[in-house]
Each structure stands twice: as C-alpha cells, then as structure tokens.
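Descriptive structure summary
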Amino acid sequence: MLVYSPKGWEIEKDTYTDELLSGFDKLIDSGADCFNMLYLKDRSRDMIMLLLDKINDSGDSKYIPILNAWKKIDYRKVRNRIGSVIRAPH
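Let us look at the structure shown here. (Residues numbered from 1 in each chain as written. Predicted model: local features only at pLDDT ≥ 70, side-chain atom pairs only at ≥ 80, totals over all residues. Heavy atoms only, no water.)

1. Concerning the environment of Ser-58
Examined against the element boundaries, Ser-58 turns out to sit in helix α2 (residues 45-58). Counting along the chain gives 32 residues from Ser-58 to His-90, while the straight-line C-alpha distance between them is 8.5 Å. Of note is the side chain of Ser-58, whose polar atom sits 2.6 Å from the backbone oxygen of Ile-55. (Helix = DSSP H or I, 4+ residues; strand = E, 2+ residues; numbered from the N terminus. Polar contact = N/O pair within 3.5 Å; in protein donor to acceptor, adjacent residues only side chain to side chain.)

Quick look at the structure:
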C-alpha cells in the first residue's frame, strides 16, 4: 500500500485524474458507445470530484455519454455531481 504525504497526494491526484481524462478521450475517439465505468466506483472521493471538475471545466459535451454511463453505477453524491456536470452549459 502506498502512503502519500498531503502534498504528494495532491500531485498524484492531479496526475491520475489527467490520466483518467486521457483514457476517456481514447474511449470516445475509438468510437465506443458503451462504457463500463465500474472501475471508478469506490475510488477516492476527492479524486473523483477533481476529475468531474476537470470535465466540467473543459466545457466539452463529448463526455456526456461517459458521464451518463457513470451516473448509473455510482453512489448518490457522485451521481449528483455528475448530474450537475451534465447540466452545465457546454
């Protein structure tokens, strides 16, 4: 098990969310239309919220199909945040 200092976790969290977002881009670019998002369930909540912030900040509607698939499987607080990202102007 890895243990990060608070500063180290901030760096790792930012790096990992960038990698996840890049993975979303690859899925979309591949033409996939079915997304299994179970791998994100039970991840660090603050990391997930950062990922959703990055998607929201991008303003790109291409992520909506992934967000819709993700919203179906995650917990209420994450579903609520996903819903607000989906509803944000794109």
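2. Concerning the nonpolar core
Among the nonpolar cores identified, the biggest contains 20 residues, and Phe-24, Met-37, Leu-52, Ile-55, Leu-67 and Trp-70 are the most heavily contacted of them. If you list the elements that add at least two residues to this core, you get α1 (6-29), α2, α3 (64-71) and α4 (76-87). Among the elements that make up this core, the one with the highest residue count is α2 (five residues). Excluding its chain neighbours within four sequence positions, the residues that come into contact with Leu-52 are Leu-67, Trp-70, Val-78, Arg-81, Ile-82 and Val-85. (Core = buried A, V, L, I, M, F, W, Y, C linked by side-chain atoms within 4.5 Å. Buried < 20%, exposed > 50% of the residue type's maximum accessible area, 1.4 Å probe, protein only. Contact = heavy atoms within 4.5 Å.)

3. Description of the packing of aromatic side chains
The final tally for this structure, using the stated rule, is two aromatic pairs. Measuring from centroid to centroid gives 5.9 Å for Tyr-4 and Trp-9, while their planes differ by 40°, and the two rings are tilted. Assessed through its relative accessible area of 23%, Trp-9 is described here as partly exposed. Above the ring of Tyr-75, the side-chain terminus of Lys-41 is found at 4.7 Å from the ring centroid. (Phe/Tyr/Trp six-rings, centres within 6.5 Å; stacked < 30°, edge-to-face > 60°. Lys NZ or Arg CZ within 6 Å of the ring centre and 35° of its normal.)

4. Quick word on the side chain of Lys-13
Here Lys-13 shows up in helix α1. Within polar-contact distance, the side chain of Lys-13 engages the side chain of Glu-10 at 3.2 Å. Beyond its immediate stretch of four places on either side in the chain, Lys-13 contacts Asp-46, Met-47 and Leu-50.

5. Description of the side chain of Lys-54
Secondary-structure assignment places Lys-54 in helix α2. A polar side-chain atom of Lys-54 sits 2.6 Å from a polar atom in the side chain of Asp-14. Of note is the side chain of Lys-54, whose polar atom sits 2.5 Å from the side chain of Asp-18. Filtering out sequence-adjacent residues up to four positions away, Lys-54 remains in contact with Asp-14, Thr-17, Asp-18 and Leu-21.

6. Description of the packing of α1 against α2
Relative orientation of the contacting elements α1 and α2 amounts to 50°, with a least axis distance of 9 Å. One finds that α1 runs oblique with respect to α2. The crossing of α1 and α2 is right-handed. Of the residues in α2, those touching α1 at Trp-9, Lys-13, Asp-14, Tyr-16, Thr-17, Asp-18, Leu-20, Leu-21 and Phe-24 are Asp-46, Met-47, Leu-50, Leu-51, Lys-54 and Ile-55. For the contact of α1 with α2, the per-class residue count stands at nine nonpolar, one polar and five charged. (Axes fitted to C-alpha atoms, helices over the stretch in contact; angles between N-to-C directions. Parallel < 35°, antiparallel > 145°, perpendicular 65-115°, else oblique. Left-handed = near helix turned anticlockwise from the far one by under 90°. Nonpolar A, V, L, I, M, F, W, Y, C, P; charged D, E, K, R; others polar.)

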